[in-house]
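Architecture at a glance
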Amino acid sequence: MLCANRQHFTSEVIVNDESGIYTSNNYIFGTHRMTTQVSAVNATQQIISDFENIVKLDDDLTSVIYSPIIDPFFVYSSFTLGTHLVILRNNDNNICISERGAIIENTMDSDHLYTYIPISPRTAICLVKSNYYLSPEFFEYTKAKFGRKYGNGQPDPYISEIFYGSEHLLFCSYYIVTSAAHVMPTPIKQSSAKVVSVKIADVNSSIIDKFNAIFCKDGNKILFCNKSALERALILPLDFRYVNVM
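This report concerns the structure included in the present document. (Residues numbered from 1 in each chain as written. Predicted model: local features only at pLDDT ≥ 70, side-chain atom pairs only at ≥ 80, totals over all residues. Heavy atoms only, no water.)

1. Remarks on the overall build of the chain
Defined as follows: Only runs of H or I of at least four residues qualify as helices and only runs of E of at least two qualify as strands under DSSP, and these elements are numbered from the N terminus. Buried, partly exposed and exposed residues are distinguished by accessible area as a fraction of the type maximum, computed with a 1.4 Å probe on protein chains only: under 20%, between the cut-offs, and over 50%, respectively. Any two residues having at least one pair of non-hydrogen atoms within 4.5 Å are treated as being in contact. All accessibility values rest on the Shrake-Rupley procedure with a 1.4 Å probe; residue burial counts only the protein chains present in the view.
Helix and strand content of the chain: six helices and 14 strands. A total of 246 residues make up the chain; the buried ones form 44% of that total. Summarising the internal contacts of the chain: among those between residues at least 6 apart in sequence, 69% fall at separations of at least 24. Total accessible area on the chain is roughly 13,200 Å²; 56% of this is exposed by carbon and sulfur atoms.

2. Here we look at the sheet that holds strand β7 (residues 112–118)
Short version of the rule: Any two strands with at least two DSSP bridges between them are considered paired. Each axis is a line fitted through C-alpha atoms, and for a helix only the stretch in contact is used; angles between axes span 0 to 180 degrees, taken between their N-to-C directions.
Strands sit in the order β1-β6-β7-β8-β4-β12 across an open sheet of six strands; the sheet is mixed. With partners counted over all chains shown, the strands left at the sheet margins are β1 (10–12) and β12 (200–202), one partner each. When the angles between neighbouring strand axes are averaged without regard to direction, this sheet yields 30 degrees. Sheet analysis places β7 next to strand β8 (residues 123–129), joined by five bridges and oriented antiparallel. Counterpart to Pro-118 in the pairing with β8 is Ala-124. Lying over the sheet, helix α5 (residues 205–218) contacts β1, β6 (102–106) and β7, oriented at roughly 80 degrees with respect to β7.

Listed below in structure tokens is the structure:
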């Protein structure tokens, strides 16, 4: 969150939009926008304070997983309000990074969809808006809502330009759990838990290539492990970053 909050070091998927519907706002949920040194220092102090408070918590304290927005009484940090954690793994070590530390994609509501933060050549984390991606049901509802609001009444085929065709990777892995008390494995919606386990999702290289291409386009210094991934990123078209009104 430290790198994502510093907007000078954060890229956005949509960089030019004639319609204005993808324009960033001051997110209520998701990454807070900070453009001054004072606001960045204040945010850093708040994040450190949040971590210190988490360390002091009782190990037996029940942490609430509540949909669509986490109960504010149990939220450990305002920086994670209304979001859930997704861990992505690419076993080909294709993940690149630049001095831009994070990438944000917005929704049709000009709202936070997710924040993508690489942490190693194999692993990245995403803070995802739970109201859109908590579960398949929430995802289908959002597509229908956007279709009614912006389209011809039909559900949108997808929400994320980056994760098109693989948006299930953004679903919350600790909201739906499998019950061991049934003869057949049964999915159960979990509203609270003392221990939360986040599943690691395998992400294909085509998705990582798009993120890498954005980092290469917006950054000046690229850190990479897989040279082939870098070469693909340098030539990948980024037409989806520009929205034109016909």
